[in-house]
Amino acid sequence: MGELWISAFALMLVIEGLLPFFSPQTWRNVFVRALRMSDGQIRFLGLTSMLVGVVLLLLFGS
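Residues numbered from 1 in each chain as written. Predicted model: local features only at pLDDT ≥ 70, side-chain atom pairs only at ≥ 80, totals over all residues. Heavy atoms only, no water.

Novice: What am I meant to see in the environment of leucine 56 here?
Specialist: Within the secondary structure layout, leucine 56 lies in helix 3 (residues 39-60). Residue classification places leucine 56 among the partly exposed positions, given a relative accessible area of 43%. C-alpha separation for the pair leucine 56 and valine 14, spaced 42 residues apart in sequence, amounts to 18 Å. (Helix = DSSP H or I, 4+ residues; strand = E, 2+ residues; numbered from the N terminus. Buried < 20%, exposed > 50% of the residue type's maximum accessible area, 1.4 Å probe, protein only.)

Below is the structure:
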């Protein structure tokens, strides 16, 4: 089970690294826009991201 978690974490790091690697200027712009967002907007994005992840795990997880 621990190996699965490490694999999932490694995949997350690879995916997170794609945007700054291929388009550093876009990555900077994302953070500039994030700084302008309210706490509620950021929380909503986090909640939405978690819910999509849970749904994907339920649909495609083993």
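Novice: Is there a simple way to think about the packing of helix 1 (residues 2-22) against helix 2 (residues 24-36) in this case?
Specialist: Between two packed helices, both the angle of their axes relative to each other and the distance between the axes serve to describe the pair. With their axes 5 Å apart at the nearest point, helix 1 and helix 2 run at an angle of 115° to one another. Classified by the angle their axes make, helix 1 and helix 2 are roughly perpendicular. Judged by residue contacts, Leu19, Pro20, Phe21 and Phe22 of helix 1 engage Pro24, Thr26, Trp27 and Val30 from helix 2. (Axes fitted to C-alpha atoms, helices over the stretch in contact; angles between N-to-C directions. Parallel < 35°, antiparallel > 145°, perpendicular 65-115°, else oblique. Contact = heavy atoms within 4.5 Å.)

Novice: When you look at the packing of aromatic side chains in this model, what are you seeing that I'm missing?
Specialist: Two aromatic rings are characterised by how far apart their centres lie and by the angle between their planes. What the rule picks out here adds up to 2 aromatic pairs. Taking the centre distance of 5.0 Å and the plane angle of 80° together, the rings of phenylalanine 21 and phenylalanine 22 count as edge-to-face. Judged on exposure class, the residue phenylalanine 21 and its partner phenylalanine 22 are both exposed. Relative to phenylalanine 31, the ring of tryptophan 27 has its centre 4.8 Å away and its plane inclined at 70°; by these criteria the two rings are edge-to-face. Of this pair, tryptophan 27 and phenylalanine 31 both sit in helix 2, separated by 4 residues, roughly a single helical turn. Classification of tryptophan 27 by relative accessible area gives partly exposed; the value is 36%. (Phe/Tyr/Trp six-rings, centres within 6.5 Å; stacked < 30°, edge-to-face > 60°.)

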